[in-house]
Amino acid sequence: MFYKNEVLRLVISLSMVVVTMGTALKAHAGSTLENIKLRGEVRCGVNAGFSAKNSVGKWVGLDVDICRALAAAVLGSDQKVKYLPLSATQRLAALQNDDIDVLSRNTTFTLTRDASLGLRQTVVTYYDGQGFMVPVKSKIVRAAQLKGKVVCVQAGTTSEKNLLDFSRTQGLSIQATPFEKLEAATGNYFLGQCAAFTADASTLASTRTSNAINPAEHQILPDLISKEPLGPLVRRGDEEWFNAVRWVISSLIEAEELGITQANLEQVKAGGNATTRSRWLASTSATGPALGLSPGWTYRALLAAGNYGEIFNRNLGDKSPLQLPRGLNNLWSQGGLQYAIPFF
Ligand SMILES: N[C@@H](CCC(=O)N[C@@H](CS)C(=O)NCC(=O)O)C(=O)O
């Protein structure tokens, strides 16, 4: 009898746990996408590196274009985005606390972040690596020459951790000097307080182009000391929003693979079932409702942002002041790593 009661109690309490968990999951599942639709705005966490306000106060950058594509796909307009600039140390908590719907801010995907933060990494939008910028006049040409030197870095980044690892494994006794704010790290570097500034190579390129008084006086060393796959993150436990983000980004890459551009988009749309491109656009349109998006989601995302290659070239590549090579961010068919999961 005692035994039976115990078992009964266990079964009751276990089923209560299951019911509570189920309710908690249900209350959460799908709520981000629903909330975005109710609010009429995607709240996008960004920064001043990949995403910055241009001279007329408009947000621009690769990370910004991803948010614009999301807003266009979900809400029908790329203007329906609220941008929240976040420092390295603020960004992950902002997503955990539901201050933003998506963190699109040069954030590296790692196992520890994936496993410990209650967040999910979606699609890699930029394959980066950590490098060093030094004054040309220092005559430093390789990272190994930074032995014993002061190196500025931003706190709360993988860059800070990688710098310490690099110094330790190479026996360089680098004096890592972390700063909470990027402007403080770069400002101290430009004032000559640090022998080098270390960050993701893309951040180094944009810092040199946008912040150096004379960019030619600064050199980015050829050594890359880490892998930094960057991309947007969302909260864990919300598969609907995760899927929407994943497939909107994938559609931008797939469109480049198929050769759909902003210039030929209308023609592709008018093509019905005549071509592979037109069939893809029509068929993806029809899959929208299964993703919680209205038909035409791929058309709207591409109209707003262009395909992945166009986004890259506009913000980082040959149509931008940075002039970065496609490198690892080329399509897999061109020797790069960008590869969209098949749609059908
Ligand atoms: N990808 C690295 C670094 C990202 C990062 O925050 N980089 C700094 C520069 S080292 C940055 O972009 N800061 C801009 C800001 O705080 O506004 C990470 O995820 O930790």
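In what follows, the structure referred to is the one given above.
Parameters at a glance
- Per chain, residues are indexed from 1 in the order of the written sequence.
- The predicted nature of this model means local features are confined to residues of pLDDT at least 70 and side-chain atom pairs, given and counted, to a pLDDT of 80 or more, with totals for whole chains, interfaces and linings taken over all residues.
- To get the side-chain values, all heavy atoms of the structure are used, and hydrogens and water are removed first.
- Any two strands with at least two DSSP bridges between them are considered paired.
- A run of H or I in DSSP becomes a helix once it reaches four residues, and a run of E becomes a strand once it reaches two; helices and strands are each numbered from the N terminus.
- For every element, the axis is a line fit to its C-alpha atoms; helices are fit only across the contacting stretch, and the angle between N-to-C directions ranges from 0 to 180 degrees.
- By definition in these notes, contact holds between two residues if any of their heavy atoms fall within 4.5 Å.
- Distance and chemistry together define a polar contact, namely a pair of N or O atoms within 3.5 Å, with one atom able to donate a hydrogen and the other to accept it when in protein, and with adjacent residues in sequence counting only for side-chain atoms on both sides.
- Nearness is defined per residue: one heavy atom within 4 Å of the molecule or strand is enough.
- Surface accessibility follows the Shrake-Rupley procedure with a 1.4 Å probe radius. Residue values consider only the protein chains on display as shielding.
- Here the nonpolar group is Ala, Val, Leu, Ile, Met, Phe, Trp, Tyr, Cys and Pro; Asp, Glu, Lys and Arg are the charged ones; every other residue, Gly included, is treated as polar.
- Note that domain bounds follow an automatic or database assignment of domains.
- Exposure is judged per residue with a 1.4 Å probe applied to protein chains only, and the accessible area is read against the type maximum: over 50% gives exposed, under 20% gives buried, and values in between give partly exposed.
- All tallies of charge rest on Lys and Arg as positive and Asp and Glu as negative; His and the ends of each chain are not included.
- Salt-bridge detection follows one rule: a side-chain nitrogen of Lys or Arg within 4 Å of a carboxyl oxygen of Asp or Glu.
- Cysteine sulfur pairs qualify as disulfides if the two atoms are within 2.5 Å.
- Stacked, edge-to-face and tilted labels apply to pairs of Phe, Tyr and Trp rings (six-membered ring for Trp) whose centres lie within 6.5 Å, assigned for plane angles under 30 degrees, over 60, and everything in between, in that order.
- Handedness of a crossing follows from how the near helix is turned relative to the far one, being left-handed for an anticlockwise turn of less than a right angle and right-handed for a clockwise one.
- Handedness is read with the strands pointing away from the viewer; a crossover is right-handed when the path from the first strand over the helix to the second is clockwise.

*Asks:* How do you make sense of the sheet that holds strand β8 (residues 130–135) when you look at a structure like this?
*Replies:* The five strands lie next to each other as β10-β9-β11-β8-β12, forming an open sheet whose pairing is mixed. The open sheet is flanked by β10 (175–179) and β12 (218–220), the only strands paired with a single partner. Neighbour-to-neighbour, the strand axes of this sheet turn through a mean angle of 30°, independent of strand direction. Pairing of β8 with β12 involves three bridges; the strand directions are antiparallel. Looking across to β12, one finds that proline 135 is bridged to histidine 218. This element, helix α6 (residues 158–170), spans β8, β9 (150–154), β10 and β11 (196–200) of the sheet and lies at about 80° to β8. Most of the contacts of helix α7 (residues 182–190) go to β9, to which it runs at about 155°, and overall it touches β8, β9, β10, β11 and β12.

*Asks:* When you look at the environment of threonine 169 in this model, what are you seeing that I'm missing?
*Replies:* Here threonine 169 is to be found in helix α6. Of note is the side chain of threonine 169, whose polar atom sits 3.3 Å from the backbone oxygen of phenylalanine 166.

*Asks:* Quick question: what am I supposed to make of the site of the ligand here?
*Replies:* Near the ligand you find 20 residues, and of these Thr108, Arg113, Gln154, Thr158 and Asp200 are the closest. Arginine 105 has a polar side-chain atom sitting 2.9 Å from an oxygen atom of the ligand. Between the ligand and glutamine 154 there is a distance of 2.6 Å, counted from a nitrogen atom to a side-chain nitrogen or oxygen. Protein burial of the ligand: of its 500 Å² of free accessible surface, 97% is covered by the chains. Among the elements of the structure, α6, β11 and β13 (228–230) are those that each provide at least two residues to the shell around the ligand. Partitioned by chemical class, the residues of the shell around the ligand number five nonpolar, 10 polar and five charged. Counting only domains with at least three residues in the shell around the ligand, you end up with domain 1 (32–127 + 230–332) and domain 2 (130–226).

*Asks:* Hey, could you run me through the side chain of aspartate 200 in this one?
*Replies:* The topology assignment puts aspartate 200 in strand β11. It turns out aspartate 200 is buried and unbridged, and the closest side chain with the opposite charge, arginine 91, is 7.0 Å from it.

*Asks:* What exactly am I supposed to notice about the state of the cysteines here?
*Replies:* Put plainly, two cysteines are in a disulfide when a covalent bond ties their sulfur atoms together. One pass over the structure, following the stated rule, counts two disulfides. Here cysteine 44 pairs with cysteine 67 through a disulfide, and the sulfurs are 1.8 Å apart. Note on the cysteine 44 and cysteine 67 pair: the S-S dihedral is about 50°, so by sign convention the disulfide is right-handed. A residue pair is termed long-range when its members are at least 10 positions apart, and cysteine 44 in strand β1 (residues 42–46) and cysteine 67 in helix α3 (residues 62–75) qualify at 23 residues.

*Asks:* Any chance you could explain the packing of aromatic side chains here in plain terms?
*Replies:* Any pair of aromatic rings gets described here by the distance separating the centres and the angle formed by the planes. In the structure shown here, the tally under the stated rule is nine aromatic pairs. Look at phenylalanine 132 and phenylalanine 166: their rings are 5.8 Å apart centre to centre, the planes differ by 40°, and that puts the pair in the tilted class. Separated by 34 residues along the polypeptide, phenylalanine 132 in strand β8 and phenylalanine 166 in helix α6 bring together distant segments of the chain. Ring geometry for tryptophan 247 against phenylalanine 343: centres 5.0 Å apart, planes inclined by 80°, an arrangement best described as edge-to-face. One end of the pair, tryptophan 247, is in helix α9 (residues 239–258); the other, phenylalanine 343, is in the segment after α13 (308–315), with 96 residues separating them in the sequence.

*Asks:* Which parts of the structure should I look at to understand the packing of α3 against helix α12 (residues 297–305)?
*Replies:* Taken N-terminus to C-terminus, the directions of α3 and α12 make an angle of 145°; their axes are 8 Å apart at the nearest point. α12 is crossed by α3, and the crossing has right-handed handedness. Each of Asp65, Arg68, Ala69, Ala72 and Ala73 in α3 lies in contact with α12, whose residues at this interface are Trp297, Arg300, Ala301, Ala304 and Ala305. For the contact of α3 with α12, the class distribution of residues is seven nonpolar, no polar and three charged.

*Asks:* Teacher, can you tell me more about the pairing of β9 here?
*Replies:* For β9, a buried count of four out of five residues is recorded, marking the element as mostly surrounded by other parts of the structure. With five bridges connecting them, β9 and β10 associate as parallel partners. Within β10, the residue paired with valine 153 across the bridge is proline 178. Taking the sense of rotation as the criterion, the β-α-β connection linking β9, α6 and β10 turns out right-handed. Here β9 runs beside β11; their pairing, made up of two bridges, is parallel. Paired with cysteine 152 across the bridge in β11 is phenylalanine 197.

*Asks:* Any chance you could explain the side chain of glutamine 338 here in plain terms?
*Replies:* Summarising the element assignment, glutamine 338 is placed in the segment after α13. At 3.4 Å, the side chain of glutamine 338 and the side chain of tyrosine 308 are in polar contact. Setting aside residues no more than four positions away along its own chain, glutamine 338 makes contact with Val124, Thr125, Tyr126, Tyr127, Ile253, Glu257, Tyr308, Leu328, Asn329, Asn330, Leu331 and Trp332.

*Asks:* Even after reading the chapter, I still don't get the environment of lysine 82, so can you show me in this structure?
*Replies:* Here lysine 82 lies in strand β4 (residues 81–85). Of the residues examined, lysine 82 reaches a relative accessible area of 44% and is grouped as partly exposed. C-alpha separation for the pair lysine 82 and alanine 71, spaced 11 residues apart in sequence, amounts to 9.9 Å. The residues contacting lysine 82, other than those within four sequence positions of it, are Glu41, Val42, Arg43 and Cys44.

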